[in-house]
Amino acid sequence: MAYMKKSQEIVAYKILSKKNEAGKRYQEVHRFGTEKRHSSDVTSLSISSNSKVILTVSEETTFNVWTMKGKHIASINTNQVKNNMGIITPDSRFVSVAAWTGEVR
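The following refers to the structure shown. (Residues numbered from 1 in each chain as written. Predicted model: local features only at pLDDT ≥ 70, side-chain atom pairs only at ≥ 80, totals over all residues. Heavy atoms only, no water.)

### Observations concerning the pairing of strand E6 (residues 62-67)
Stated precisely, the cut-off is as follows: Exposure is judged per residue with a 1.4 Å probe applied to protein chains only, and the accessible area is read against the type maximum: over 50% gives exposed, under 20% gives buried, and values in between give partly exposed. Helix numbers and strand numbers start at the N terminus; a helix is a DSSP run of H or I with at least 4 residues, a strand a run of E with at least 2. The criterion for strand pairing is that DSSP finds at least two bridges linking the strands in question.
The buried fraction of E6 is high, at five of six residues. Pairing of strand E5 (residues 53-58) with E6, which is carried by five bridges, proceeds in the antiparallel orientation. What sits directly across from Val53, in E6, is Thr67. As defined by bridge partners, E6 adjoins strand E7 (residues 72-77) across five bridges and the pair is classed as antiparallel. If you follow Trp66 over to E7, its bridge partner there is His72. Counting the residues that bridge the hairpin from E6 to E7 gives four residues, and of these Gly70 lies at a positive phi of roughly 100°.

Structure follows, in C-alpha cells:
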C-alpha cells in the first residue's frame, strides 16, 4: 500500500512470488483518489489485519475510512487543531487517531 503525494492516490500492490513479464515482484491491484476527502496530504495510512479496511489521516481535522477497493465508508471529524497519525486495532474493530489540541487537561 502506498500514498502517491503528487496524484493524491492510494495504490494497493500485490507481492508476487516471482518476477512478472515486466521484471517486477509486485503488481498493482487497486488505485483510488483521496482528493475529494482530504484537503491536505495524507500523513498516515493504516490497513486492518483482515485487509478489508483502510484508514487515512491527514493534518486536517478529519480522518477517512475506506474499503480496500476504494469505496469511502466514513469521514470523521476529530474537532482538534490537527491530526498526526492513525491506526486500526489488531482485531479490526476500532481506530485510534492521535491529534494535537491547544487545550490543557
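### Considerations on the packing of aromatic side chains
Applied cut-off: Whether two aromatic rings pair depends on their centres lying within 6.5 Å, for rings of Phe, Tyr and Trp, where Trp uses its six-membered ring; planes under 30 degrees apart make the pair stacked, over 60 edge-to-face, and the rest tilted.
As enumerated under the stated definition, the model contains two aromatic pairs in all. Aromatic pair Tyr13 and Tyr26: ring centres 5.4 Å apart, planes at 90°, arrangement edge-to-face. On the criterion of sequence distance, the pair formed by Tyr13 in strand E2 (residues 9-15) and Tyr26 in strand E3 (residues 26-33) is long-range, its members being 13 residues apart.

### Observations concerning the sheet that holds strand E1 (residues 2-4)
The condition that has to hold: As a rule, the C-alpha atoms of each element are fitted with a line to give its axis, helices using only the stretch in contact, and angles between N-to-C directions run from 0 to 180 degrees.
Read from one edge to the other, the open sheet built from three strands follows the order E1-E2-E3, with strand pairing classed as antiparallel. Of all the strands in the sheet, the pair left with one neighbour each is E1 and E3. Along the sheet, successive strands turn relative to each other by an average axial angle of 30°, direction set aside. Taken together, the seven bridges between E2 and E3 define a ladder with antiparallel strand orientation. Pairing of Glu9 across the sheet is with Gly33, part of E3.

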